[in-house]
Every structure is written in structure tokens, then in C-alpha cells.
Amino acid sequence: MRRLTLLLLAPLLLPACGPKGEGTFAPGEIWPDNNGVHINAHGGGILIADDTYYWFGEHKTEGTAGNSAQVGVHCYSSKDLYQWKDEGIALAVVTDDTTHSITKGCILERPKVIYNRKNNQYVMWFHLEPKGAGYSGAMSGIAVADRPAGPYVFLKAIRPNAGAWPLNVQDIHRTTTPVDGSQTFSGGNLPTHPDSLNLLGRDMPGGQMARDMNLFVDDDGTAYHIYASEENSTLHISQLDEDYTGCSGRYARFFVNRFMEAPVMFKHEGNYYLIMSGCTGWAPNAGRSAVASSIWGPWEELENPFRGEEAELSFRSQSTYVLPLPGAPGRFMYMGDRWTPNDAIDGRYIWLPLRMEGKQPVIEWNNRTNG
Ligand code: DGJ
């Protein structure tokens, strides 16, 4: 880790870009990999392993078809966070079985990878929608590998926490009476749900809906799955099992009726932080943030972490990861996506330093990110 820290901090301290742009990155511009091709890892996250950063994200293709998974999860590696080597497809969609959970044309979003020390295994979770059913599946896919860059082997697709009530279940929800089937949910910008609308109970037997998601590993090695649930209205935080390949059944619901997407968790000075977005499809909206001294809450909602021009649109980005910079306590890299749904492959990356102002995470625009 020490070597990585030095490699990382050197470019962070550079005042501007080198002759070919090494050591800096221009948010929102084309970001070429080692082959000169725009990096294709959207909705991504970072794994640090073997003194190397690994960036996993959705491989998008041209046009609107590229909004569904035609290829799989792409992986890149880097020693300095600026120059990225193409490591190829870490998890490929299945092309010879149209009934497979990750058959070509499914929706496979926001892949994240964490390392499980117990099994010496890399574990990937992602938001999975079976092919042809829009966003109604709301499932989580899980895959594993014995090398950071893969190849990853698909394990299963689940709805999290089947048969379990959350730690903070309310008595009025402790019933599995189905919600009136005539009600439909768009998943975004819904009117506030009344407490009596029991989406939690509806989904308890078969598992909770899980769309936008992230993973977080705490200092003690306990891992968590954070996902937009209950028709996107409510965020769930769910403890994984010891293998990180399933749910422990211990989970809780937060931000009821706040319609949060794109959740990202990080820790600073003993407190847990969340950065999130509102829920407006591919269109950007104002960021959200929250803090808690325990992962199980209470969570206190803070301000929009973005500051300055276009802050109300999160600089036209949506959060996907926050990377604590190794060896630099209190310094973080915000990673966001600028989606281009009409030509999915052209999506851009908004990476900017995130700093703490007391308990408030703050992200400011910079034409060049170099620390
Ligand atoms: C916003 C989510 O954050 C994206 O990952 C994707 O699911 C789009 N919605 C689809 O509209």
C-alpha cells in the first residue's frame, strides 16, 4: 500500500497536466485508456488490490441499445488514478442462452467489487434487471473471481432479504398483505407514499426490490449492500453474510419517501456518510448527503454537497462512488457519471475532489482534477 500511496500522491500534487495530460484528468471530457479509447466503465467503482486501482463499470455500446447490457462489466487498472490500462471484460453477458439471468440485453448496472479475506475471493454485486421486463425485476446479481480483474463467474440473482423484516420495521408493516394490484409505480417522482402503503410487506416473502446500489466494507470487515428499494422510495442498508455473496437478513430502511438513487457510502473520522441523488431517470438532479455515527442510524440528512454553478444538477452528474485516497486521511475522490442515454457509450466521467467542511461533504467544480 505504501508504494501505491506515493504513486498516487505524486500526481495529486502536480499543479497542472503533463505534456500528454498525465497526472490530471478533465471532468466531462473524453478520457482515453492506454489504447487511446474512451474509458468504458460507467456506473463504476474502485477496488484496491495488489498496489493497483481497479475500476469496474458498465460497458456501454452505441445508441439507445447501449443502455442495456450488450457486453458486460469492463475493468481497467491504474497505479495513479489518471492513466488506465484496459483489462478487458471482467464479467461477460451470456450470448448462447436467452433464459440466463445475465443474457445479452438484460440491464446490468452499477457493478461494484469488494475483496473477501475469509475466502480470498473478489466478489461483485450489481443491479440486475432480467431482459425484456424494464426495471420491474429490481434484483441483485452476484459474481466471484479469484483474481481482481477476473474473469468473474456469475453465481446467482436475488431479491435481497427474503423472509426477513428490517431491524426498524414498523408494526403497521408487519403483514404481507399484498398492495392493491391496480396501483402502478413509475419508480421516480412519485407522490409521497402513505404509511399504509406496505411495499415492504408486499415484498417480504420473495425479497426486497433493489435497484441503484453500492457496497461498503467497514473497518471490521463487515460488508454492506446499500440499495434503492420499495419502488425507489426508500433506501435499505443491508449487512452481507461472511462470504459477501448473500444477505445476512440484518437490514434497515432509511429516508422513507425521499426517493434516493445512486447511493455511495464512505467513512470519515468514525462517522458514516452517504452521497445520493434524487430520482429523475437519466437526467441529473441535485445531490443529497447524510451522516450517521452508526450505520444503523439515525441518519441525518445534510445539504446538497455540490457547490457553485450547476450545483442543483450535481454538475450534470450522478454519484457512483467515493474513493478515500490511500495515505491521505480526509481526502476523497467523488466519482460521478454524466449519462448520455441517446448514445450510451459517449457517457462522461465527473471525478472531483471531495472534502469535508465539518460534517458536510463538499464537491466543487474544477476543469482539471489533480488533487
Ligand atoms: C438512474 C440510475 O441511477 C441509473 O443507474 C439508471 O438506472 C437510470 N436511472 C435509468 O433510468
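Model, not experiment: these values are computed from the prediction.

The next point concerns the overall build of the protein. A tally of regular secondary structure across the protein gives two helices and 21 strands. Relative to its length of 371 residues, the protein is compact, with a C-alpha radius of gyration of 20 Å against a globular reference of 21 Å. Within the protein, the proportion of its 371 residues that are buried is 58%. Sequence separation of at least 24 residues holds for 54% of the intrachain contacts in the protein that already meet a minimum separation of 6. With 31 positive and 41 negative side-chain charges, the protein shows a spacing of 3 Å between the two charge centroids.

Once that is clear, we can look at the site of the ligand. By nearness alone, every residue bordering the ligand is listed as Glu-109, Arg-110, Tyr-135, Asp-212, Glu-261, Gly-281, Trp-282 and Gln-318. A distance of 2.7 Å separates an oxygen atom of the ligand from a polar side-chain atom of Glu-109. Within the side chain of Arg-110, a nitrogen or oxygen atom sits 2.8 Å from an oxygen atom of the ligand. Isolated, the ligand exposes 290 Å² of accessible area, and the fraction of that covered by the protein chains is 92%. When grouped by side-chain class, the residues that make up the shell around the ligand number two nonpolar, two polar and four charged. Domain assignment of the residues forming the shell around the ligand places at least three in each of domain 1 (1-30 + 267-371) and domain 2 (38-158).

On to the pattern of salt bridges, then. Opposite charge on two side chains allows them to pair when their charged atoms are near. Under the counting rule described, the total for this entry stands at 19 salt bridges. A salt bridge links Asp-171 to Arg-174; its shortest N-O distance comes to 3.8 Å. Exposure remark for Asp-171: the relative accessible area of 65% places this residue in the exposed category. A salt bridge links Arg-211 to Glu-231; the nearest nitrogen and oxygen atoms lie 3.9 Å apart. One end of the pair, Arg-211, is in the loop between α2 (199-203) and β9 (213-217); the other, Glu-231, is in the loop between β10 (223-229) and β11 (234-240), and 20 residues separate them in sequence. When sorted by exposure, Arg-211 lands in the same class as Glu-231, which is buried. Shared partners join several salt bridges into a network, and the residues in it are Glu-129, Arg-159, Arg-202, Asp-203, Arg-211 and Glu-231.

Another point: the packing of aromatic side chains. Under the counting rule described, the total for this entry stands at 22 aromatic pairs. Seen from their ring centres, Phe-25 and Trp-351 are 6.2 Å apart, and the 65° between their planes marks the pair as edge-to-face. With Phe-25 in the loop between α1 (2-13) and β1 (42-49) and Trp-351 in strand β20 (residues 348-357), this pair connects stretches of sequence that are 326 residues apart. The same class applies to Phe-25 as to Trp-351, namely buried. A centroid spacing of 6.3 Å and a plane angle of 50° characterise the contact between Trp-55 and Tyr-76, whose relative ring orientation is tilted.

The next thing to look at is unusual backbone geometry. A cis amide bond, omega 10°, links Gly-150 with the succeeding residue Pro-151. On the secondary structure map, Pro-151 appears in the loop between β7 (139-145) and β8 (153-158). Each neighbour pair has its own omega, and for Gly-297 with Pro-298 the value is 5°, a cis peptide bond. Relative to the assigned elements, Pro-298 resides in the loop between β15 (288-292) and β16 (300-301). Although it is not a glycine, Glu-269 sits at a positive phi angle of roughly 50°. Relative to the helices and strands, Glu-269 resides in the loop between β13 (261-268) and β14 (271-277). Its identity as a non-glycine residue notwithstanding, Ser-314 has a phi of 50°, on the positive side. In this fold, Ser-314 is placed in the loop between β17 (306-307) and β18 (318-324).

By the element assignment, Thr-52 lies in strand β2 (residues 52-59). Spatially, the C-alpha atom of Thr-52 lies 39 Å from that of Gly-163, the residues being 111 residues apart in sequence. In terms of polar contacts, Thr-52 uses its side chain to reach the backbone carbonyl oxygen of Asp-50, at 2.9 Å. Within the structure, the side chain of Thr-52 is placed 2.9 Å from the side chain of Lys-79, a separation counted as a polar contact.

The next subject is the sheet that holds β1. The sheet built from four strands is open, its strands ordered β1-β2-β3-β4 with antiparallel pairing. Lying at the two open borders of the sheet, with one neighbouring strand each, are β1 and β4 (85-92). Averaged over all pairs of adjacent strands, the angle between their axes in this sheet comes to 25°, without regard to strand direction. Sheet topology places β2 next to strand β3 (residues 72-78); seven bridges connect them, and they run antiparallel. Within the sheet, the bridge partner assigned to Tyr-53 lies in β3 and is Ser-78.

Counting 24 residues, the largest nonpolar core has Phe-56, Leu-91, Ile-102, Met-124, Phe-126 and Tyr-152 as the members making the most contacts within it. Elements that contribute at least two residues to this core include exactly β1, β2, β3, β4, β5 (107-116), β6 (121-129) and β7. Here the element with the most residues in this core is β6; it accounts for four residues. Excluding residues within four positions of it along the chain, Met-124 makes contact with Phe-56, Val-73, Ala-90, Leu-91, Pro-111, Lys-112, Val-113, Gly-141, Ile-142, Ala-143 and Tyr-152. Ile-39, Tyr-53, Trp-55 and Tyr-76 belong to the second-largest nonpolar core, a separate cluster that totals 19 residues.

Scoring rules and cut-offs
- Residues numbered from 1 in each chain as written.
- Predicted model: local features only at pLDDT ≥ 70, side-chain atom pairs only at ≥ 80, totals over all residues.
- Heavy atoms only, no water.
- Helix = DSSP H or I, 4+ residues; strand = E, 2+ residues; numbered from the N terminus.
- Rg over C-alpha atoms; globule rule 2.2 N^0.38 Å.
- Buried < 20%, exposed > 50% of the residue type's maximum accessible area, 1.4 Å probe, protein only.
- Contact = heavy atoms within 4.5 Å.
- Lys, Arg positive; Asp, Glu negative; His and termini not counted.
- Charge placed at Lys NZ, Arg CZ, Asp CG, Glu CD.
- Near = heavy atom within 4 Å.
- Polar contact = N/O pair within 3.5 Å; in protein donor to acceptor, adjacent residues only side chain to side chain.
- Areas by Shrake-Rupley, 256 points an atom, 1.4 Å probe, with all protein chains shown as cover.
- Nonpolar A, V, L, I, M, F, W, Y, C, P; charged D, E, K, R; others polar.
- Domains from an automatic or database assignment.
- Salt bridge = Lys/Arg side-chain N within 4 Å of Asp/Glu carboxyl O.
- Phe/Tyr/Trp six-rings, centres within 6.5 Å; stacked < 30°, edge-to-face > 60°.
- Pairing = 2+ DSSP bridges.
- Axes fitted to C-alpha atoms, helices over the stretch in contact; angles between N-to-C directions.
- Core = buried A, V, L, I, M, F, W, Y, C linked by side-chain atoms within 4.5 Å.

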